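# Observations on the model geometry
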Amino acid sequence: MRAAVYEGEGRLVIKDVPDPVPGPDEVLIEVEACGICGSDVQMISVPPGHPSTPPVIVGHEFVGWVRGAGAAVRDVVIGQRVVCDPDPKCGSCNPCRAGRPANCTSIVALGVYRDGAIARYVTAPASAVFPIAESVPAEIAALVEPLACVTNGANRAALRPGESVVVFGGGAIGCLFISVFRASGAAKIIAIEPSAQRAPVAKAMGADYVLTPDEWTARRGELLPGGADVVVDAVGSVLPQCIDAAAMGARVILFGMNGNARPPVHQVEIVEKGLTIVGSYITNFTFPAAIRMVESGALTLAPMITAIIGIDDTEAGIARIRSGEAVKIVIKP
Ligand SMILES: [Zn+2]
Ligand SMILES: [Zn+2]
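Sequence positions are assigned chain by chain, starting from 1 and proceeding in written order. Naming scheme: in the order in which they are written, chains are lettered from A and ligands are numbered from 1. In keeping with the predicted nature of the model, local features appear solely for residues at pLDDT of at least 70, side-chain atom pairs appear and are counted solely at 80 or more, and the whole-chain, interface and lining totals rest on all residues. Excluded from the side-chain calculations are hydrogens and water; all other atoms, namely the structure's heavy atoms, are used.

## With respect to the packing of aromatic side chains
Classification of ring pairs rests on two measures: the distance between centres of Phe, Tyr or Trp rings, Trp counted by its six-membered ring, which must be within 6.5 Å, and the angle between planes, read as stacked under 30 degrees, edge-to-face over 60 and tilted in between. With the rule as written, the count across this model stands at 3 aromatic pairs. Ring centres of F130 and F287 lie 5.0 Å apart, and the angle between their planes is 10°; on these two criteria the pair is classed as stacked. Taken together, the positions of F130 in strand β8 (residues 129–131) and F287 in helix α10 (residues 287–296) put the pair 157 residues apart, joining distant regions of the chain. Residue classification places F130 among the partly exposed residues on the basis of a relative accessible area of 23%. A ring pair is formed by F177 and F255, whose centres lie 5.4 Å apart and whose planes are at 85°; its orientation type is edge-to-face. A residue pair is termed long-range when its members are at least 10 positions apart, and F177 in helix α5 (residues 172–183) and F255 in the loop between β13 (246–254) and α9 (267–273) qualify at 78 residues. What counts as a helix is a DSSP run of H or I of at least four residues, what counts as a strand is a run of E of at least two, and both are numbered from the N terminus. Burial classes follow relative accessibility: with a 1.4 Å probe on protein chains only, a residue under 20% of its type's maximum area counts as buried, one over 50% as exposed, and anything between as partly exposed.

## A word on the coordination of the zinc ion (ligand 2)
When a metal holds four donors in a tetrahedron, each ideal angle between them is 109.5 degrees; when it holds six in an octahedron, the ideal angles are 90 or 180 degrees. Donor criterion used throughout: N, O or S atom within 2.8 Å of the metal, extended to 3.2 Å for Na, K and Ca. Water excluded; incomplete-looking sites may result. Surrounding the zinc ion (ligand 2) are the protein donor atoms C90 (SG), C93 (SG), C96 (SG) and C104 (SG), which sit 2.3 Å from the metal. Site description for the zinc ion (ligand 2): donor spacing in sequence, C-x2-C-x2-C-x7-C. Here C93, found in the loop between β6 (81–84) and α2 (94–97), pairs with C104, found in the loop between α2 and β7 (121–125); they are 11 residues apart in sequence, far enough to count as distant. In this pair, the class of C93 matches that of C104, namely buried.

## Some points on the domain arrangement of the protein
Segmentation into domains, and thus their bounds, comes from an automatic or database assignment. According to the domain assignment, the protein consists of domain 1 (2–143 + 301–331) and domain 2 (148–279). Taking only C-alpha atoms into account, the centre of domain 1 sits 28 Å from that of domain 2. By convention in these notes, a salt bridge is any Lys or Arg side-chain nitrogen within 4 Å of a carboxyl oxygen on Asp or Glu. The tally of links from domain 1 across to domain 2 stands at 0 salt bridges. Nitrogen and oxygen atoms within 3.5 Å of one another constitute a polar contact, given that in protein one can donate a hydrogen and the other can accept it, and given that sequence-neighbouring residues count only through two side-chain atoms. Along the contact surface separating domain 1 from domain 2 lie 3 residue pairs in polar contact (both at pLDDT 80 or more). In terms of residue class, the side of domain 1 that touches domain 2 is built from 6 nonpolar, 1 polar and 2 charged. The nonpolar class holds Ala, Val, Leu, Ile, Met, Phe, Trp, Tyr, Cys and Pro. Asp, Glu, Lys and Arg form the charged class, and all remaining residues, Gly among them, are polar.

Listed below in structure tokens is the structure:
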């Protein structure tokens, strides 16, 4: 089969590899669509901004059809359309048993530490797949994984209807936060995004204002004099700006990841404002909610799909994400 293989040190190679064979507890999935994630971009950067074990087939945001199953699989139907949690939880380590699956110590991530889904076929633990309705367009179904991660962050933000939101970063994650908060009854949503190509997308996803960082500095007193009730860092390095944008008693959700960022923090402001600052990592039993949102049409997600491309164009797609020009690019192998 054709696959996009990360071979190490910035080398992504599109080549033919043997079809995968599912283990006893695994299913074989024919990939229908797979999104390119910011972490894929990080992984193949030089030096890598995200760890992995090359050679490995990349891609973890996918939807597909179950075409085979190992001997021990009981609960998955051949022919079922599914999405997949690419960070399968073991269910038996201490964090899993304490109800904190995102902290599972035994995650072997698809597309990172084992083969992923920018390929015709992928295998995954049967316990990691979830049925999804055939009525959902494939490129939207491929958004379920990042949406499940954002739903975890949104749950932790505990937005109340009528509250205000500032989202730093108008990439795919920022856009999903905007969409979820809009649907949750936010009164005013302001996105901070320097890219002129991404700004209209953030607007179409539901932001009332999309401002560059300079525009935000100039207009914040007029637009949001008391600060925002919920602030999201979908960049990975803007905690000081988040603290500055926060209202008294606000919740700050740190979602973006940048291993090199060590911003200086004005700690006393956290104390004086009584802020709640939480890190939100991957999912927390949020796949079913994300699936229900796309199946019901509760969110308008189509504006964030920049392009649908073939597998041979994967590298060009990654370059478009890296440049900040694209929001989400989806591969149909
Ligand atoms: Zn992702
Ligand atoms: Zn675990």
